[in-house]
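Examination of the molecular architecture
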Amino acid sequence: MSTNIKGTATKNKFISYSINDGKKHSVRIRSNSFAINIPSSNKEQKVTIYNGNVSAKIVVKASKQLADYQKFAKKYNQSLIASSLPKSIIKKANELKKAQAAKQTTAAEIARMSRTE
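Here's a quick rundown of the structure. (Residues numbered from 1 in each chain as written. Predicted model: local features only at pLDDT ≥ 70, side-chain atom pairs only at ≥ 80, totals over all residues. Heavy atoms only, no water.)

1. Things to note about helix α1 (residues 69–83)
Helix length check: α1, at 15 residues, gives a terminal C-alpha distance of 21 Å against a target of 21 Å (1.5 Å per residue), a fit within 8%. Of all 15 residues making up α1, only one are buried, and the element is barely covered by its neighbours. (Helix = DSSP H or I, 4+ residues; strand = E, 2+ residues; numbered from the N terminus. Expected span 1.5 Å × (residues − 1). Buried < 20%, exposed > 50% of the residue type's maximum accessible area, 1.4 Å probe, protein only.)

In structure tokens, the structure reads:
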């Protein structure tokens, strides 16, 4: 995911920009327009665009986190491993899940049981 900043410029062949006053990068101006691709971040970013002696400052809002990385990586890796397992093993695993679910007693059933059960 990223943020695209588009604009027009006519003075030079290139414009330059920096993110949070860091290293300057440059982008070619084509047909009097330019596009800058800013990587997303969970923190606000201040982008300064320079065209010769003229500069403009733009604030890119922090992006929302779609998921916790550790949880996402764990689920992704599990699904990747599961997709490479033979079908016979997947079938047995599903059967075991069903059998385990059938054996589990619910909290309501436990509440109805007498102490001797």
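Additional details are given in the paragraphs that follow.
2. Observations concerning helix α2 (residues 87–103)
In this model, α2 (17 residues) spans 25 Å end to end at C-alpha, consistent with the 24 Å of a helix rising 1.5 Å per residue. For α2, the buried fraction is low: zero of the 17 residues fall into the buried class.

3. Some details on the nonpolar core
I5, A9, I15, Y17, V27, I29, F34, I36, I38, V47, I49 and V60 together form the largest nonpolar core, which totals twelve residues. For this core, the secondary structure elements donating two or more residues are β2 (14–19), β4 (33–39) and β5 (45–51). Residue contributions to this core peak at three residues, all from β4. With near-sequence residues (within four places) excluded, I29 lies in contact with A9, N12, K13, F14 and I15. (Core = buried A, V, L, I, M, F, W, Y, C linked by side-chain atoms within 4.5 Å. Contact = heavy atoms within 4.5 Å.)

4. Some points on the pairing of strand β6 (residues 54–60)
Looking at chain direction, β5 and β6 are connected through seven bridges and run antiparallel. Note that in β6 the partner of V47 across the bridge is I58. Taking the residues between adjacent antiparallel strands as the criterion, β5 and β6 are bridged by two residues, where G52 takes a positive phi near 70°. (Pairing = 2+ DSSP bridges.)

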